[in-house]
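Residue-level structure breakdown
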Amino acid sequence: MAHFLSDEWMEQAKAIREEYRGKAGDPPHVMKMNLNVKDCPDGIGADGVVEAHMDSTGGEMEMGDGHLEDPQLTVTLPYDIAKAILVDGNPQAGMQAFMSGQISVTGDMTKLMAMQSAAPDPVQTEISEKIKAITD
């Protein structure tokens, strides 16, 4: 198991997503989003911040480190909330954090709302479970 967003975790999560490439249905919403995950534990990110992205404009959800040019939105959130949403699959944690001001969004917020309300694809659910299993 690896710590969420560590280099080791990013490599393992990428390998899992590659294993399922082409097997999931089309993403329910097309978007380009940058993430700034702050308050990361020691050894993760530069100065405690990880810059990452999610992009479904190519027909599959692509996730990786670094930012995309011209994102439709940028989300900044604390490490523990990012882990609750992205690994634990807890959208309520995200909603509560947003309502309390812990999450900031710049750009087209409707893209984020649409993504959160989408029904999960069974293959995507399997990918999520495998990623959860490798996460410390």
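Reference entry: report on the structure contained in this document. Quick caveat: nothing in here was measured; it's all calculated off a predicted structure.

1. Focus: the environment of aspartate 26
Summarising the element assignment, aspartate 26 is placed in the loop between helix H1 (7-19) and strand E1 (32-38). When the C-alpha atoms of aspartate 26 and serine 56 are compared, they prove to be 8.7 Å apart, with 30 residues separating the residues in sequence.

2. Examining the pattern of salt bridges
Summed over all chains, the structure comprises 3 salt bridges. In this structure, the salt-bridge partner of glutamate 19 is lysine 130, at a minimum N-O distance of 3.0 Å. In this pair, glutamate 19 is assigned in helix H1 and lysine 130 in helix H5 (residues 122-134), connecting sequence segments 111 residues apart. Assessed through its relative accessible area of 41%, glutamate 19 is described here as partly exposed.

Rules used in this analysis
Residues numbered from 1 in each chain as written. Predicted model: local features only at pLDDT ≥ 70, side-chain atom pairs only at ≥ 80, totals over all residues. Heavy atoms only, no water. Helix = DSSP H or I, 4+ residues; strand = E, 2+ residues; numbered from the N terminus. Salt bridge = Lys/Arg side-chain N within 4 Å of Asp/Glu carboxyl O. Buried < 20%, exposed > 50% of the residue type's maximum accessible area, 1.4 Å probe, protein only.

Take it as geometry only, folks, not as evidence of what the structure does.
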